Amino acid sequence: MFSSRLPLGFRLKNGAWGAFLSYSKTTSSKSNSAKAEAKKKSLIKMSSKKAPATAKSVKSSASSQSLGQLSDKTLIQMLDLMIKSRVLEERLIKIYRAGESYFWIGGPGEEAWGVPIGLLANKGQGVKHDFLHLHYRCTPTLIAMGMPMKDSIRLMMNRVTDPSTGGRNFSNHYCIPEMNIAPVTSPIGVQYGIALGTAHAQKRAGAKAISIVTGGDAGTAEGDFASCLIWASRKDNELPMLITVQNNYWGISTSYEGQHGETNIADRARGFNIRSRVVNGNDPVESYIALKEEMDYIRKTGKPSFIEAKVSRLYGHSSASGANLVTSEEDCIKSFSDKLVSKKIITEKEVKAIWSGYEEEALRATEEARGEGSPTSESIWDHVFADNENSDWRKF
Amino acid sequence: MANMAQAIRLALNYSEKNLQLKDVFGQDVGAPLGGVFTATQGLKTSWNTPLDERGIISMAMGIAMAGDRCVAEIQFCDYIFNTIDLLKIAGNTLWCTNGQYNLPMTVMTPVGAGIRGSVYHSHSFDSWASRIQGWKVVMPSTPLDAYGLLLSAIKDPNPVLFLKPKALMRVRGDELIPGEPSDEKELKMRIDAPIGDRSKWKADWPQTTEYLVEIGKGKITRQGEQITVVSWGRHLLLANEIADELKADGVSVEVIDLRSIYPYDWDMIKTSVAKTGRVLIVNEDTEVTNFGEHLIYRVVQELFYQLLARPRLIAGKNVPGIGLHPNLEDATVPQKAEIKSAILEIIEEVP
Ligand SMILES: Cc1ncc(C[n+]2csc(CCOP(=O)(O)OP(=O)(O)O)c2C)c(N)n1
Ligand SMILES: [Mg+2]
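Below or above, wherever it landed, is the structure these notes cover.

## Describing the site of ligand 1
All names here are of chain A.
Then comes step 1: As a matter of local geometry, ligand 1 sits amid 15 residues, with Tyr136, Arg137, Asp217, Gly219 and Trp250 nearest to it.
Then comes step 2: At 3.0 Å from a nitrogen atom of ligand 1 is found a main-chain nitrogen or oxygen belonging to isoleucine 188.
Then comes step 3: At 2.9 Å from an oxygen atom of ligand 1 is found a side-chain nitrogen or oxygen belonging to asparagine 248.
Then comes step 4: Protein coverage of the free-state accessible area of ligand 1, which is 580 Å², stands at 71%.
Then comes step 5: Among the detected pockets, ligand 1 sits in the largest pocket.
Then comes step 6: A per-class count over the shell around ligand 1 returns 6 nonpolar, 6 polar and 3 charged.

## A closer look at the packing of aromatic side chains
Residues and elements named next belong to chain B.
Then comes step 1: The full count for this structure, using the stated rule, is 18 aromatic pairs over all chains.
Then comes step 2: An angle of 80° between the planes, with centres 5.0 Å apart, marks the rings of phenylalanine 81 and tryptophan 128 as edge-to-face. With a gap of 47 residues between them, phenylalanine 81 in the loop between strand 3 (69-73) and helix 3 (84-96) and tryptophan 128 in helix 4 (residues 126-129) connect regions that are remote in the sequence.
Then comes step 3: The exposure class of phenylalanine 81 is partly exposed, given its relative accessible area of 24%.
Then comes step 4: Geometrically, the ring pair formed by phenylalanine 304 and tyrosine 305 is edge-to-face, given 5.1 Å between the ring centres and 85° between the ring planes.
Then comes step 5: Accessibility expressed as a relative area gives 45% for phenylalanine 304, which makes it partly exposed.

## Focus on the sheet that holds strand 4 (residues 105-111) of chain B
All names here are of chain B.
Then comes step 1: The strand order 2-1-3-4-6-5-10 describes an open sheet built from 7 strands, whose pairing is mixed. Strands with a single pairing partner mark the edges of an open sheet, and in this sheet they are strand 2 (46-48) and strand 10 (260-262). Each strand of the sheet is rotated relative to its neighbour by a mean of 20°, with strand direction disregarded.
Then comes step 2: Bridge analysis of strand 5 (residues 136-138) against strand 10 gives 2 bridges, and the strand direction is antiparallel.

## Some thoughts on empty space enclosed by the protein
Then comes step 1: Considering all chains together, one arrives at 7 cavities of 30 Å³ or more under this definition.
Then comes step 2: Taken as a whole, the largest cavity spans an internal volume of roughly 80 Å³.
Then comes step 3: Lining the largest cavity are A:His133, A:Leu134, A:Ala182, A:Pro183, A:Thr185, A:Val190, A:Gln191, A:Ile194, B:Met65, B:Ile89 and B:Thr93.
Then comes step 4: Elements that contribute at least two residues to the lining of the largest cavity include exactly helix 8 (190-205) of chain A together with helix 3 of chain B.

## Focus on the layout of surface pockets
All names here are of chain A.
Then comes step 1: Counted as a void, the largest pocket has a volume near 540 Å³.
Then comes step 2: Around the largest pocket sit 35 residues that line it, and Ile105, Tyr136, Ile188, Ile252 and His317 are the ones nearest its centre.
Then comes step 3: Breaking the lining of the largest pocket down by element, the ones donating at least two residues are helix 8 and strand 4 (250-251).

## Details of the coordination of the magnesium ion (ligand 2)
Residues and elements named next belong to chain A.
Then comes step 1: Taken together, Asp217 (OD), Asn248 (OD1) and Trp250 (O) make up the protein donors of the magnesium ion (ligand 2), found 1.9 to 2.1 Å from the metal.
Then comes step 2: Here the donor residues for the magnesium ion (ligand 2) map to a single chain with the spacing D-x30-N-x1-W. Taken as a pair, asparagine 248 and tryptophan 250 share a single burial class, namely buried.

## Here we look at the nonpolar core
Then comes step 1: Residues A:Met241, A:Ile243, A:Phe306, B:Met105 and B:Phe125 are the most contacted members of the largest nonpolar core, which totals 84 residues.
Then comes step 2: In terms of residue count, the dominant contributor to this core is helix 2 (residues 53-65) of chain B (8 residues).
Then comes step 3: Structurally, this core is a two-domain feature, drawing no fewer than three residues from each of domain 1 (4-191) and domain 2 (219-348) of chain B.
Then comes step 4: Beyond its immediate sequence surroundings of up to four residues, A:Phe306 is in contact with A:Phe225, A:Leu229, A:Ile243, A:Val245, A:Ile265, A:Ala266, A:Ala269, A:Ile274, A:Arg275, A:Ser276 and A:Arg277.

Cut-offs used in this document
- Residues numbered from 1 in each chain as written.
- Chains lettered and ligands numbered in written order.
- Predicted model: local features only at pLDDT ≥ 70, side-chain atom pairs only at ≥ 80, totals over all residues.
- Heavy atoms only, no water.
- Near = heavy atom within 4 Å.
- Polar contact = N/O pair within 3.5 Å; in protein donor to acceptor, adjacent residues only side chain to side chain.
- Areas by Shrake-Rupley, 256 points an atom, 1.4 Å probe, with all protein chains shown as cover.
- 1 Å grid on protein atoms, 1.4 Å probe; cavity = no way out; pocket = protein on both sides within 12 Å on 5 of 7 lines; lining within 4 Å.
- Sits in = over half its atoms within 2 Å of the grid points.
- Nonpolar A, V, L, I, M, F, W, Y, C, P; charged D, E, K, R; others polar.
- Phe/Tyr/Trp six-rings, centres within 6.5 Å; stacked < 30°, edge-to-face > 60°.
- Helix = DSSP H or I, 4+ residues; strand = E, 2+ residues; numbered from the N terminus.
- Buried < 20%, exposed > 50% of the residue type's maximum accessible area, 1.4 Å probe, protein only.
- Pairing = 2+ DSSP bridges.
- Axes fitted to C-alpha atoms, helices over the stretch in contact; angles between N-to-C directions.
- Points joined across faces, edges and corners; volume = space filled by probe spheres on them.
- Donors = N, O, S within 2.8 Å, 3.2 Å for Na, K, Ca; no water.
- Core = buried A, V, L, I, M, F, W, Y, C linked by side-chain atoms within 4.5 Å.
- Domains from an automatic or database assignment.
- Contact = heavy atoms within 4.5 Å.

Function cannot be read off these values alone, since they describe shape.
Given below as structure tokens:
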């Protein structure tokens, strides 16, 4: 199936993308522990030094042992969704390895951060609901918002039934207008600018909805990130935006230190008088509490807020660097389920059952998606213009 | 008669009132200046942005995504180049999402030479724009067409690039915009911001009415038999002038104002060239991979055996910029004499 769909001469072991960036695999494994160390240091520094613009929240979320005020139900729900998202991503990687897709990129390692976003967002379509401008590691958020596994698999396998792109784009490049999920695009950083426009329209509509934007640490070097800080914070023109960065300390193979002079990316937001904080994105409770506080603040004041979440990158950058499990970084699901088990909120047996239930669901969804159709060659002309107005010059 | 800047202003005012236009924004677009060419003076929805072209295009994309209509301005097209990947995304969003998110946004920007604007106020963008799929691209040559095309752009569900020939911003047409006062002085009094303190000034808008120029439709501005000249923007007016001059010498030139670069009015070109057998395309974007080359390609493919002479393109010279000294600008951008002699040469050519 794979070889028949590849262009001539492109039967590489890891797909056409396999040769690309193979060096980054070795680079990453070598310096991973150093990176984990740096991350720890920066977090410790952050939690001891309270920023003037930051609310009391740092204190309440500083302890990674605490379960906050969250109910057992919410804690279990979060663990459940985190596992679901991980199982799905691992299934996507298997689909890639089986030669049933060309490329994988996704969000394993960001579940503790991404799931609470999905749970807390005001879900719906139009300016009275939150807009989400996400990047390509956002599966946990969408799973938490109710996206069926099968829809992600359809995207991965470029089926005609893929509801996001109809087989036109890469894995994790979701688009779900019914939930205001703006299309995920490949060019790094552009979502930071586009989010300004939805926030502007939301502000006009006056319904206390906000625009949430996510992105990677390396991508903050793009001008669009600076645009976002500038436009969101204009005096008397502030925009209701939750601006976030998922700092996994990597941009493909370039380390955080290789690009950043600032201690925390969150420091940049302070220069614009944007309320800003750093959280341990491997801790779903800390993430949940911080996200809730900042979302409440934005809805109440109409002003922007900034969160930098320190996260792990558990399968490397993408399939181009092998998509192999990295064991030197913290696995947020393991930490969280161990914690819930030790606090007797859930049993190990129950956790196992969650994993196996979702594994079965993912496998079934894959089998179903496999049988669904492919986009047709004629369809390339569809949707160049709205309402399928002709865009082919041969027919003008 | 309104000039093009006034016509654009009237179209924006009409759209604020009738087409749910919610935002008109860009650098110096709001009060007090109302745009470096005054095209956005007195509007209710206009506002000044940070000096950030990428921010401007991104903002427009987000507003469109949220379902509101907006017109964003890039102050000079010379400064649009750092947004080109955003323009690509705006153009591919509907396609990439398999028809789910259309972005009904209009971007307007002044283009072209003719005001001694030197290197960074003379660029053209029509040929560049023709390579950004998913956009409609229009370029008026008269105030009335500017009015009608801008209304169509704002109504269109797709992203539309509205290119304003900057040398024509003060040029008047010979047709009134429906609802426009016929007295030029009255119009000026009512909608041009006063010199000096403008803090209390408000425009007294005339009630213009809906007038649409369909995107994708050209206009025959001179009827003729011996050659077809296809042009747009500033050079269209030159083509008209030349056709009038040559008419006195007994030469019959048909002139087509293309008005829309994409989609373009192939039927009009085809019918005309089939009749005349000769064609000259004129525009001021640079000549290598010029949009006119695409039109000539198509003429050759579809009308080869009806041609009486080699089709020809006159466009900007393929040099990095347009120099300030008139000798430099005039040697770079197509001039009247050059166009006129090309017409005569083509007419004399025999197969
Ligand atoms: C504008 C742009 N430049 C380069 C790339 C290629 N690229 C894809 S991901 C990536 C690294 C992004 O790193 P970061 O922003 O930290 O996000 P992460 O992948 O670590 O989550 C690069 C350089 C791109 N997609 N877009
Ligand atoms: Mg990164």
